[in-house]
Each structure stands twice: as C-alpha cells, then as structure tokens.
Amino acid sequence: MKRHLTSMAAAAALLVAGMHAGHAAEALSVLHWWTSGGESKAIRVLKDDMSKQGYEWKDFAVAGGSGTAAMTALKTQVISGNAPSAAQIKGPLIQDWADQGVLVTIDQAATDWKSHLPAPIDQAMKSGGHYVAVPFSVHRINWLWINKADLDKVGGQPPTTWPEFFALADKFRAAGITPVAHGGQPWQDMTIWETVVLSQGAEFYRKALIDLDQKTLTSPQMVQVFETVQKIRSYFDKAYHGRDWNLATAMVISGSGGMQFMGDWAKGEFLNANKKADVDFVCAPAPGTAQAFTYTADAFVFFQQNGKKDATPGQLAMARTIMSPAFQEQFSLNKGSIPVRLDVPMDKFDSCAKKSRADEQATLKSGSFFPSLAFGELQSPVTAGAITDVVTTFMNSNEDAKEGVRKLAAAVQVK
Ligand code: GAL
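Just so you know, these numbers come straight off a predicted model, no measurement behind them.

Cut-offs used in this document
Within each chain, residues carry numbers counting from 1 in the order of the written sequence. A pLDDT threshold of at least 70 governs which residues receive local features in this predicted model, and a stricter bar of 80 or more applies before side-chain atom pairs are shown or counted, although totals over entire chains, interfaces and linings include all residues. Excluded from the side-chain calculations are hydrogens and water; all other atoms, namely the structure's heavy atoms, are used. Going along the chain from the N terminus, every DSSP run of H or I of four or more residues is numbered as a helix, and every run of E of two or more is numbered as a strand. Atoms counted for the radius of gyration: C-alpha only. Globule rule: 2.2 Å times the number of residues to the power 0.38. Three labels apply to residues, based on accessible area from a 1.4 Å probe with only protein chains included: buried if under 20% of the type maximum, exposed if over 50%, partly exposed otherwise in between. Here a residue-residue contact requires only that any non-hydrogen atoms of the pair lie within 4.5 Å. What sets the accessible areas is the Shrake-Rupley method with a 1.4 Å probe; for residues, cover comes only from the shown protein chains. Asp and Glu count as negative and Lys and Arg as positive, but His and the ends of the chain are not part of the count. Where a charge lies is defined by one atom per residue type: Lys uses NZ, Arg uses CZ, Asp uses CG and Glu uses CD. The nonpolar core is taken to be a set of buried Ala, Val, Leu, Ile, Met, Phe, Trp, Tyr and Cys residues, with the residues joined through side-chain atoms within 4.5 Å. Proximity criterion: a residue is near a molecule or strand once any of its heavy atoms comes within 4 Å of it. N or O atoms closer than or at 3.5 Å make up a polar contact, with two conditions inside protein: a donor-capable atom paired with an acceptor-capable one, and, for residues adjacent in sequence, both atoms drawn from side chains. Following the grouping adopted for this structure description, the nonpolar residues are Ala, Val, Leu, Ile, Met, Phe, Trp, Tyr, Cys and Pro, the charged ones are Asp, Glu, Lys and Arg, and the polar ones are all others, Gly among them. Boundaries between domains were set according to an automatic or database domain assignment. Should a side-chain nitrogen of Lys or Arg be within 4 Å of a carboxyl oxygen of Asp or Glu, the pair is scored as a salt bridge. For two strands to pair, DSSP has to find at least two bridges joining them. Note on definitions: buried area is the accessible-area loss of two parts on being combined, 1.4 Å probe, summed for both. To estimate the expected span of a helix, count its residues, drop one, and scale the result by 1.5 Å. One number per residue, pLDDT, summarises how confident the predictor is, and it ranges from 0 to 100.

Here's the deal with the overall build of the chain
Then, in step 1: Along its length, the chain carries 18 helices and 15 strands.
Then, in step 2: At 23 Å, the chain has a C-alpha radius of gyration in line with the 22 Å of a compact globule built from 415 residues.
Then, in step 3: Each of the 415 residues in the chain was classed as buried or not, and the buried ones make up 56%.
Then, in step 4: Contacts in the chain between residues far apart in sequence, at least 24 positions, make up 76% of those at least 6 positions apart.
Then, in step 5: A total accessible area of about 17,100 Å² is found for the chain, and carbon and sulfur atoms account for 55% of it.
Then, in step 6: Positive and negative side-chain charges in the chain, numbering 40 and 40 respectively, have mean positions lying 3 Å apart.

The following block contains the structure:
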C-alpha cells in the first residue's frame, strides 16, 4: 500500500512538472504529404513517439505525391496566420521559408548533428549558421523496381544498360505484362527524365542540372536523353495519365506491371503489402546509374507559434525525436529509405537499404552523390518548374527530341 502511494505521488509530481514545462497540454499541428500505405505507416512512428511524450498530434496531411499540393496548403496556412508547428519541406525551400522570418531555430536540439550527418544534408538544414530543419532520412531516386516473378517468368536479369532495359521491356510486353508502370504526373515524368540524364554520367548530370551549362543542355547527348525518354514512354500502358505513384507501384506489386522508376518510398509500398526484397521484388540502380546516387532528404521545419521567436518545448522534442537513432531506424524500415544519421546500425535492413547505404558512402567520396532536381533539392522552384514544364510537355506530346532540347535550353536561360 505504502509503495503504491509513493508511486502515485511520484506520478502526480511528474505530471505537475510536465504541466509546468508546458508539455502536457501542447498540441503539435503537423503538415505533411505522407498519405500512401507505406508513408502513413512511417509517419505514424513519429505520431506515436510524440504521443508517448505527452504531446497532442494534430495531423494535417495533404495528399499528393511529392508534396505539390501540400506546399500550396502551407502557403495558405502561413498567410492566414495559422502556421503549423511543423511542416515537411526540403531543399532550397528551407532557405526561402527561413528568409521570410517565420521559422524558429532548433540549435538547442541539434548539439551533435553535424558529426552524424552527410555534410551536404547537414548544410541544407541550416540558415545563417543556425539549424532550422531536421532531416528524417535519405531516399535514393535512381532506382528501378522489378517484379521478381515477372522477371523469372521471362528469364530476365535486372538491366544495367539501356539496350538491356529495352530488351527486357520487349520480353515483358510479349508476355502480356505492362513493361513500365508509370503515373503521368509532372514530378513522375521528371523522375524518369532526371534518371536518364544521370545515366549519361556524373559529369553530365553536374553540368546539365547543377551548372545549367548551355553547351551541355544543347549537346547531342541531351538529344539522346530525350530520345531515350520517348522510347521508355512507348512501354507505358494507355491509362498512365494522372495515375498516382503508389498505384503504379501497386501494378508492379501485383505483377501486372514489370518495372517502375521511382525513389525508394516505393519499397515502403512493397513492404506494406508484405513483399520481400529479392524474393518478391528486385531493386536495381536504373540503367547506367550504378556509380551515382540522386537523393532527396525529407525534413521538417518549425514555425513560430503565437508570435514567439523561440521554439516551443514540443517543437524541440519533435526535432530531437526525429534525429534519435531509434526513431531513425524504425521510420526508415517503414518508409523504404535509409537513416540520414550515419551511426544507425543497418543490420535490421534489407539488401536494398544496405546497397543504398554502401552506394551513399561510395558516391559521397567519389563526388557523385547528387541532390535530385525532380524532388526540389537542387534548383529554385522557378527554375525547377520551368524544366518540369518542358519535360512534361515533351512526355505528353509527339514533340521531336531536338525541339525538347531547344525548349529546355530556352527555359533555363530565361530564369
Ligand atoms: C517525395 C518525398 C518522399 C515521398 C514522395 C512521394 O517528395 O521525399 O518521402 O513521400 O515524395 O510522395
């Protein structure tokens, strides 16, 4: 009895302490676009962790792959004075929001982050030398996902070159399988186009998409990129227009589709459907891209609340939680990514994630670890948008490859 009373007293004391610190009552509104099966399972890990710490979670999920709709919703919220506690943002947009003077700094939570993060990602989380964003994980973009039973059925191998890729696509077609499962939305079109650019070599990617070098943008090699993309398109099914990415992944999961070009959140869908790497599906670097790595690193930024310039206890707790090794592991196990923290053990991960980690390390050294243009990591939204328009128009018309190149060069020059 006495012991019981003592523990009750201790619990009450804890509760009071929590309330003083503002913990118990703080509600965290969170804007994100993780709504597919695998994505929801991943963000639920954070929701549960924050609930365990006594915070209320107000979910503001805005559906739409790659966050296009979420970014519009965020602008509306901030303009109307309802900025969320946390929002999913990445790349140069982090800076843009910081420049607006509406974010809080989270240095207090970030005491040892620098030593645990890949340098370019650590850099991207800061503004004016202060941390304003916390990274979740590293997604590799230049993957090709293949249904294993389909592959075995046609006696194929994961293709390492474009000729091998097209030969496999022909075999799939002959077997009545849609060779390439695709969703015709601008960001998905960009995923394929950017990956084909990467297949021309690391130097080509750098000059074309990072330096926006006119000579490279108008080179015969760039004409080849457009031609390859055009040829890939001829292996889509008729219903690809507007299809969501996870529905395209579902085609490869069921085997009605043979392959998909997609970042490794696609793996989150396979796992959520109880499929296993190397048994039910194969991950392979897209043809010609084995020596390079295009990435996107999801992050949260935190908005000032009630006119106060400092981060709230809940915001700091969320930032600490996201970067904690245990969360990093579980989130990426569900999401399909790899932990952004370099000291998280990889033993619970499958062969795709292990390969991703090994290639991340190798390409960080070789200088071919590249931010993805398609996922807002590389250029300003204006430049990225101009390129996206050119690529999407090309992929949805009968435009000639040379015309695509001419428009690309012009679009980039205007910006
Ligand atoms: C990306 C994001 C991924 C994934 C994908 C599809 O922008 O980095 O985490 O969610 O969109 O929605």
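Notes on the nonpolar core
What tends to happen in soluble globular proteins is that the nonpolar side chains get buried as a cluster.
Then, in step 1: Formed by 73 residues in total, the largest nonpolar core has its most connected members in Trp-193, Met-222 and Ile-232.
Then, in step 2: Residues in contact with Met-222, not counting those within four places in the same chain, are Trp-193, Phe-204, Ala-208, Thr-216, Leu-217, Val-405 and Leu-408.
Then, in step 3: Grouped together as the second largest cluster of nonpolar side chains are 63 residues, Leu-28, Trp-34, Val-45 and Leu-117 included.

What to know about the site of the ligand
Then, in step 1: Near the ligand there are 13 residues, and of these Trp-34, Glu-39, Lys-90, Asp-298 and Lys-335 occur at the shortest range.
Then, in step 2: Within the side chain of Trp-34, a nitrogen or oxygen atom sits 3.0 Å from an oxygen atom of the ligand.
Then, in step 3: Contact distances for the ligand include 2.5 Å between an oxygen atom and a side-chain N or O atom of Lys-335.
Then, in step 4: Protein chains shield 100% of the accessible area of the ligand, which is 300 Å² for the free molecule.
Then, in step 5: Residue composition of the shell around the ligand, by class: 5 nonpolar, 4 polar and 4 charged.
Then, in step 6: When residues are assigned to domains, the shell around the ligand turns out to be shared by domain 1 (21-139 + 296-351) and domain 2 (141-295 + 372-414), each giving three or more.

Some words on the pattern of salt bridges
Then, in step 1: Applying the stated criterion across every chain, the model contains 13 salt bridges.
Then, in step 2: Ionic pairing is found between Glu-329 and Lys-348, a salt bridge with its closest N-O pair at 3.2 Å. Here Glu-329, found in helix H15 (residues 325-335), pairs with Lys-348, found in the loop between strand S14 (338-339) and helix H16 (351-366); they are 19 residues apart in sequence, far enough to count as distant.
Then, in step 3: The partner of Lys-355 in a salt bridge is Asp-359, and the shortest N-O contact between them spans 3.0 Å. With Lys-355 and Asp-359 both in helix H16 and 4 residues apart, this pair spans about one turn of that helix.
Then, in step 4: Several salt bridges share partner residues, and in doing so they unite Arg-140, Lys-355 and Asp-359 into one network.

Considerations on the pairing of strand S3 (residues 86-89)
Then, in step 1: Burial along S3 is two-sided: the face carrying Ala-86 and Gln-88 and the face carrying Ala-87 and Ile-89 are both buried.
Then, in step 2: In this sheet, S3 lies alongside strand S1 (residues 27-32) in parallel orientation, the contact comprising 2 bridges. Among the inter-strand pairings, Val-30 is bridged to a residue of S3, identified as Ala-86.

Points about the side chain of Thr-191
Then, in step 1: Within the secondary structure, Thr-191 is located in helix H8 (residues 186-198).
Then, in step 2: Thr-191 gets classed as buried once you look at its relative accessible area, which sits at 0%.
Then, in step 3: At a separation of 2.8 Å, a polar atom in the side chain of Thr-191 contacts the main-chain carbonyl oxygen of Trp-187.

Section: the domain arrangement of the chain
Then, in step 1: Domain annotation for the chain reports domain 1 (21-139 + 296-351) and domain 2 (141-295 + 372-414).
Then, in step 2: Each of domain 1 and domain 2 has a C-alpha centre, and these two points are 28 Å apart.
Then, in step 3: Facing the 25 residues of domain 1 at the interface are 22 residues of domain 2.
Then, in step 4: Carbon and sulfur atoms make up 54% of the area that domain 1 and domain 2 hide from each other, which totals about 1,900 Å².
Then, in step 5: Our count for the contact surface shared by domain 1 and domain 2 stands at 1 salt bridge.
Then, in step 6: Residue Lys-267 is joined to Asp-350 by a salt bridge in which the shortest nitrogen-to-oxygen separation is 2.9 Å.
Then, in step 7: The tally of links from domain 1 across to domain 2 stands at 8 residue pairs in polar contact (both at pLDDT 80 or more).
Then, in step 8: At the level of elements, helix H2 (37-52), helix H4 (92-99), helix H5 (119-124), strand S7 (137-140) and H15 are the ones that each hand at least two residues to the side of domain 1 that touches domain 2.
Then, in step 9: Class assignment of the residues belonging to the side of domain 1 that touches domain 2 gives a composition of 7 nonpolar, 12 polar and 6 charged.

Some points on the side chain of Glu-39
Then, in step 1: As for its position among the elements, Glu-39 is in helix H2.
Then, in step 2: A distance of 3.0 Å separates a polar side-chain atom of Glu-39 from the backbone nitrogen of Ser-36.
Then, in step 3: Ignoring sequence-local partners within four residues, the contact set of Glu-39 consists of Trp-33, Trp-34, Trp-245, Glu-269 and Lys-335.

Side note on helix H11 (residues 220-233)
Then, in step 1: Helix length check: H11, at 14 residues, gives a terminal C-alpha distance of 20 Å against a target of 20 Å (1.5 Å per residue), a fit within 8%.
Then, in step 2: All buried positions along H11 are accounted for by Met-222, Val-223, Val-225, Phe-226, Thr-228, Val-229, Ile-232 and Arg-233.

Examining the confidence of the model for the chain
Then, in step 1: Residues of the chain with pLDDT of at least 70 account for 94%, and the chain-wide mean is 94.
Then, in step 2: The low-confidence segment residues 1-20, where pLDDT is below 50, has 3 contacts with residues more than four positions distant or belonging to other chains.

Some words on the pairing of strand S11 (residues 281-285)
Then, in step 1: Taken across its 5 residues, S11 has 5 buried, putting it largely inside the fold.
Then, in step 2: Of the two faces of S11, the one holding Phe-281, Cys-283 and Pro-285 and the one holding Val-282 and Ala-284 are both buried throughout.
Then, in step 3: Sheet topology places strand S8 (residues 143-147) next to S11; 5 bridges connect them, and they run antiparallel. Paired with Asn-147 across the strands is Phe-281, a residue of S11.

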